[in-house]
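Chain residues, written in single-letter form:
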Amino acid sequence: MSVGRLAVLGGPPEFATPLHVGKPNLPNVEGFQRRLQQVLSSQWLTNDGPMVRELETAAGELLGVRHCVAVANATLGLELLLRTVPEKGEVLVPSFTFVATAHAISLSGHQPVFCDIDPATHNLCLKAVEASIGPRTKAILAVHAWGRPCLVNELERLASERGLALFFDSAHALGCSYGGKMLGRFGDAEVFSLHATKFVHSFEGGLITTNDDTLASNLRLARNFGFAGLDNVVALGTNAKLSEVHAAMGCSNLEAFETLRRHNYLNMATYLGELADIDGLLVHDTRFGGAGNAQYVVVETVGRGLDRDFFIDALHRENVLARRYFFPGVHRAQPYADTDVGVLAETDRVSGRVFVLPSGLAVSPAYATRVARLVAEMARLAPSAGACR
Ligand code: T4K
């Protein structure tokens with residue numbers, strides 16, 4: 001299989017219809033339709049209904065964690081969690097993340113303090129975190145970027161020594177593991193996203209997981225206006241509930257977890273097989289030796305001065321809608337850009353180098369091969385196309 005003349009050189013696009021990053025997986029439509037019928041027949045549509053409970057139980061069992069609190073989305077889940085930190089102050093967080101991570105901190109009344117990342121892993125740099133701890137620091141919110149587990153043990157030790165809360169933004173990390181144990185049980189709590197673009201989704205949705213009984217019951221109150229009974233409001237709360245239809249989709253997709261992961265692994269192997277030896281490009285193996293879910297295919301321009309934006313432009317012309325996650329780094333987005341966030345040299349470097357390729361059920365290994373060959377051809381042509389810095 002060889003690629004034709006690249007669209008950037010005037011050829012026709014390789015794909016007739018757009019290939020998205022994050023096209024929703026729909027592995028179990030029958031299961032969803034059956035559950036949808038159940039929801040409609042029951043006329044119980046939201047407010048901690050049976051489908052939400054089924055989702056919480058199934059996810060809790062998969063992750064091996066005592067409490068799983070379903071919420072409307074991961075952003076609200078993070079916000080609710082951060083609101084449980086009693087005193088307002090600073091929360092240490094990477095800037096190399098989706099903007100929701102920092103916004104949740106701000107919306108909960110805290111202030112994000114951005115720490116640089118380790119360029120090899122794209123996760124928080126432990127030294128940077130240590131150096132950023134000050135008298136106003138209340139918590140660390142670490143992100144498992146691309147589902148690659150952070151330095152969990154080290155962060156737990158640091159947080160406990162310094163009396164800080166430790167939360168993980170595990171939005172990317174459903175089904176990923178650390179030290180042979182599924183993520184979900186670490187720190188004080190973790191938050192997973194079930195957004196439509198995620199590996200396992202519920203249209204919109206999120207899961208907060210924790211082994212802390214008190215925290216879990218406070219979060220249940222907080223997601224439902226603080227109601228402890230029909231007329232009994234015992235805490236400040238909001239509406240962060242997941243509806244039954246959303247939960248029905250979540251349950252159906254969770255049943256297909258292994259199928260989805262296997263498919264992502266196959267695509268990842270295909271991409272690596274085609275691109276592992278391309279000079280100047282690094283493909284991150286997001287299977288992480290079996291600890292990852294491989295939902296993101298992350299490529300980095302690391303040599304020959306290859307220009308990441310050339311790949312983005314050239315791929316888009318082929319109808320491959322590759323993404324620049326997480327460009328330009330949250331510290332360069334509003335409302336943070338106008339504040340003094342210090343120097344985040346690695347974040348700036350990495351966010352200027354990464355592009356993400358499509359995977360998931362919408363992409364067969366044959367499609368992945370074609371996409372990879374386009375990328376390889378682009379890398380070959382880049383110097384003559386003036387796409388090297
Ligand atoms: N923390 C981290 C580290 C995160 O990455 C995220 C979310 C969060 C927290 C917050 O989680 P949630 O509150 O969302 O549960 C997407 C997602 O919207 C976002 O959830 C995700 N991270 C982020 C990494 O990616 P974008 O900017 O890619 O745009 P979006 O959602 O419009 O979708 C991208 C492409 O997917 C579109 O071009 C078309 C395709 N698509 C999308 C949808 C929604 C479809 O084909 N069908 C669809 O239904 O944000």
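Since the structure is predicted, the reported quantities are computational estimates derived from the model, not experimental observations.

### Focus on the layout of surface pockets
- Space inside the largest pocket adds up to approximately 370 Å³.
- Lining the largest pocket are 22 residues; nearest its centre among them are Phe98, Ala100, Ser193, His195 and Lys198.
- Counting only elements with at least two residues in the lining of the largest pocket, the list comes to α3 (74-83) and α4 (99-107).
- Sort the elements by how many residues they give to the lining of the largest pocket and α3 lands first, with three residues.
- Taken together, the residues of the lining of the largest pocket break down into nine nonpolar, nine polar and four charged.

### Observations concerning the pairing of strand β10 (residues 206-210)
- Judged by how many residues are buried, β10 sits mostly within the fold: five of five residues are covered.
- Going residue by residue along β10, you find Gly206, Ile208 and Thr210 tucked away on one face and Leu207 and Thr209 tucked away on the opposite face as well.
- Sheet topology places strand β2 (residues 67-71) next to β10; five bridges connect them, and they run antiparallel. Bridge assignment links Ala70 to a residue of β10, and that residue is Leu207.
- Across four bridges, strand β9 (residues 189-193) lies against β10 in antiparallel orientation. Pairing of Val191 across the sheet is with Ile208, part of β10.

### Quick notes on the nonpolar core
- Core analysis: the largest hydrophobic core is formed by 48 residues, its most contacted members being Leu55, Ile140, Phe168, Leu174, Val200 and Leu207.
- Once residues lying within four places of it in the same chain are set aside, the contact partners of Leu55 are Leu194, Leu207, Leu242, Ala247, Gly250, Cys251 and Leu254.
- If you look at the next biggest cluster of nonpolar residues, it comprises 36 residues, including Tyr265, Leu272, Ala294 and Ala314.

### A look at the sheet that holds β9
- The seven strands lie next to each other as β2-β10-β9-β6-β5-β3-β4, forming an open sheet whose pairing is mixed. Edge strands, defined here as strands with exactly one partner in the open sheet, are β2 and β4 (111-115). The sheet shows a mean angle of 25° between the axes of neighbouring strands, direction not considered.
- The pairing of strand β3 (residues 90-94) with strand β5 (residues 137-143) spans three bridges and is classified as parallel. Bridged to Val91 within β5 is Ala139.
- Across the sheet, helix α6 (residues 152-162) is in contact with β5 and β6 (165-169); its angle to β6 comes to roughly 150°.

### Examining the sheet that holds strand β16 (residues 354-357)
- Sheet architecture is open: three strands sit in the order β13-β14-β16, paired in antiparallel fashion. Across the chains shown, the open sheet's two edge strands, defined by having one partner strand only, are β13 (281-284) and β16. Direction aside, neighbouring strands of the sheet carry axes that sit 30° apart on average.
- Judged from the four bridges that link them, strand β14 (residues 297-301) and β16 form a sheet pairing that is antiparallel. Each bridged residue has a counterpart across the sheet, and for Glu300 the counterpart in β16 is Val354.
- Where helix α10 (residues 308-317) meets the sheet, its contacts fall on β13, β14 and β16, and the angle it forms with β16 comes to roughly 25°.

### With respect to helix α1 (residues 29-42)
- Spanning 14 residues, α1 covers 20 Å between terminal C-alpha atoms, matching the ideal 20 Å at 1.5 Å per step.
- All of the buried residues along α1 are Gly31, Phe32, Arg35 and Val39. When α1 is viewed along its axis, its buried side chains cluster within an angular range of 95° and face the same direction. Residues of α1 that are exposed and point over 90 degrees away from its buried face: Glu30 and Ser41.
- Close packing links the buried residues of α1 with α2 (50-63) and α8 (244-255).
- Note on α1: the residue one or two positions beyond its end, Gln43, has a positive phi of about 55°.

### Quick notes on the environment of Val93
- Structurally, the position occupied by Val93 is in strand β3.
- Assessed through its relative accessible area of 0%, Val93 is described here as buried.
- Setting aside its immediate chain neighbours within four residues, Val93 contacts Thr101, Ile105, Pro112, Val113, Phe114, Cys115, Leu124 and Leu141.

### As for empty space enclosed by the protein
- What the rule picks out here adds up to one cavity of 30 Å³ or more.
- In this model, the largest cavity occupies a volume close to 130 Å³.
- What lines the largest cavity is a set of 13 residues, and nearest its centre among them are Val21, Gly22, Thr197, Gln295 and Ser359.

### Details of unusual backbone geometry
- Put simply, Tyr325 and Phe326 share a cis peptide bond, and its omega is -10°.
- Mapped onto the fold, Phe326 is located in the loop between β15 (320-321) and α11 (345-351).
- The omega torsion across Gln334 and Pro335 is 5°, close enough to zero to call that bond cis.
- The backbone of Phe225 shows a phi angle near 60°, a positive value even though the residue is not glycine.
- A positive phi angle, close to 55°, is found at Arg304, a residue other than glycine.
- Along the chain, Arg304 falls in the loop between β14 and α10.

Rules used throughout
Residues numbered from 1 in each chain as written. Predicted model: local features only at pLDDT ≥ 70, side-chain atom pairs only at ≥ 80, totals over all residues. Heavy atoms only, no water. 1 Å grid on protein atoms, 1.4 Å probe; cavity = no way out; pocket = protein on both sides within 12 Å on 5 of 7 lines; lining within 4 Å. Points joined across faces, edges and corners; volume = space filled by probe spheres on them. Helix = DSSP H or I, 4+ residues; strand = E, 2+ residues; numbered from the N terminus. Nonpolar A, V, L, I, M, F, W, Y, C, P; charged D, E, K, R; others polar. Buried < 20%, exposed > 50% of the residue type's maximum accessible area, 1.4 Å probe, protein only. Pairing = 2+ DSSP bridges. Core = buried A, V, L, I, M, F, W, Y, C linked by side-chain atoms within 4.5 Å. Contact = heavy atoms within 4.5 Å. Axes fitted to C-alpha atoms, helices over the stretch in contact; angles between N-to-C directions. Expected span 1.5 Å × (residues − 1). Arc of directions from axis to C-beta.

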